[in-house]
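Structural overview
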Amino acid sequence: MRNSDNVAHVVTVEIIGSENNSIFSSTKELQPDSSWSQEKSFRMLSVSLFDWAGVSYVVHATLDNGSSVNLSIKYHHWNTASVSIREDAIEIEEITV
């Protein structure tokens with residue numbers, strides 16, 4: 001998660017698993033030009049190693065101004081979500097690391 005805006009923002013990120021259950025949820029305040037990251041849980045890594053059906057999870061991010069975005073990402077060891085804040089807007093993209 002990266003705040004490239006010139007003001008602080010509070011962001012809530014939730015990851016919903018393929019069985020519609022919450023895998024992760026966190027709310028953070030990010031100062032201007034700051035970032036925060038969280039490593040994938042063992043559960044997410046184990047699913048990515050043994051998933052042959054292409055199951056995905058959903059990343060849901062909500063900004064303090066009420067705007068929100070969702071992105072569905074297939075479980076894969078090298079894929080992750082990147083949440084960005086710019087000019088009071090929030091976006092999520094899938095990146096391969």
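**A look at the packing of aromatic side chains**
The geometry of an aromatic ring pair comes down to the distance between the two centres and the angle between the two planes. Counted under the stated rule, the structure contains one aromatic pair. Between F24 and W36, the ring centres sit 6.4 Å apart and the planes meet at 20°, which makes this aromatic pair stacked. Of this pair, F24 sits in strand β3 (residues 22–30) while W36 sits in the loop between β4 (34–35) and α1 (42–50), and the two are 12 residues apart along the sequence. Judged by its relative accessible area of 21%, F24 falls in the partly exposed class.

**Describing the layout of surface pockets**
Its volume calculated, the largest pocket comes out at about 580 Å³. If you trace the largest pocket, you find 20 residues lining it, with S37, Q38, E39, T80 and A81 closest to the centre. Counting residues per element, the ones that place at least two in the lining of the largest pocket are β2 (9–16), β3, β5 (56–63) and β7 (79–86). It is β7 that contributes the most residues to the lining of the largest pocket, four residues altogether. The residue inventory of the lining of the largest pocket, partitioned by class, reads 12 nonpolar, five polar and three charged.

**Re the sheet that holds β3**
Adjacent strands of a sheet form backbone hydrogen bonds with each other and so pair up, either parallel or antiparallel. The four strands are arranged β3-β2-β5-β6 in an open sheet whose pairing can be described as antiparallel. Looking along the sheet, the strands with just one partner apiece sit at the ends: β3 and β6 (68–74). When the angles between neighbouring strand axes are averaged without regard to direction, this sheet yields 15°. Of the pairings in the sheet, the one linking β2 to β5 comprises six bridges and is antiparallel in character. Bridged to T12 within β5 is T62.

**Some details on the pairing of β7**
With two bridges connecting them, strand β1 (residues 2–3) and β7 associate as parallel partners. The residue of β7 that forms the bridge with N3 is I85. Sheet topology note: the β7/strand β8 (residues 89–96) ladder contains eight bridges and is antiparallel. For N79, the partnering residue across the bridge sits in β8 and is T96. Hairpin geometry of β7 and β8 is characterised by an intervening segment of two residues between the two adjacent antiparallel strands and by a positive phi of about 50° at E87.

**A closer look at the pattern of salt bridges**
Scanning the model with the defined rule gives two salt bridges in all. In this structure, the salt-bridge partner of R2 is D33, at a minimum N-O distance of 2.5 Å. On the criterion of sequence distance, the pair formed by R2 in strand β1 and D33 in the loop between β3 and β4 is long-range, its members being 31 residues apart. Take R2: its relative accessible area is 32%, and that puts it in the partly exposed class. The shortest N-O distance in the salt bridge between E91 and R86 comes to 3.1 Å.

Rules of the game
- Residues numbered from 1 in each chain as written.
- Predicted model: local features only at pLDDT ≥ 70, side-chain atom pairs only at ≥ 80, totals over all residues.
- Heavy atoms only, no water.
- Phe/Tyr/Trp six-rings, centres within 6.5 Å; stacked < 30°, edge-to-face > 60°.
- Helix = DSSP H or I, 4+ residues; strand = E, 2+ residues; numbered from the N terminus.
- Buried < 20%, exposed > 50% of the residue type's maximum accessible area, 1.4 Å probe, protein only.
- 1 Å grid on protein atoms, 1.4 Å probe; cavity = no way out; pocket = protein on both sides within 12 Å on 5 of 7 lines; lining within 4 Å.
- Points joined across faces, edges and corners; volume = space filled by probe spheres on them.
- Nonpolar A, V, L, I, M, F, W, Y, C, P; charged D, E, K, R; others polar.
- Pairing = 2+ DSSP bridges.
- Axes fitted to C-alpha atoms, helices over the stretch in contact; angles between N-to-C directions.
- Salt bridge = Lys/Arg side-chain N within 4 Å of Asp/Glu carboxyl O.

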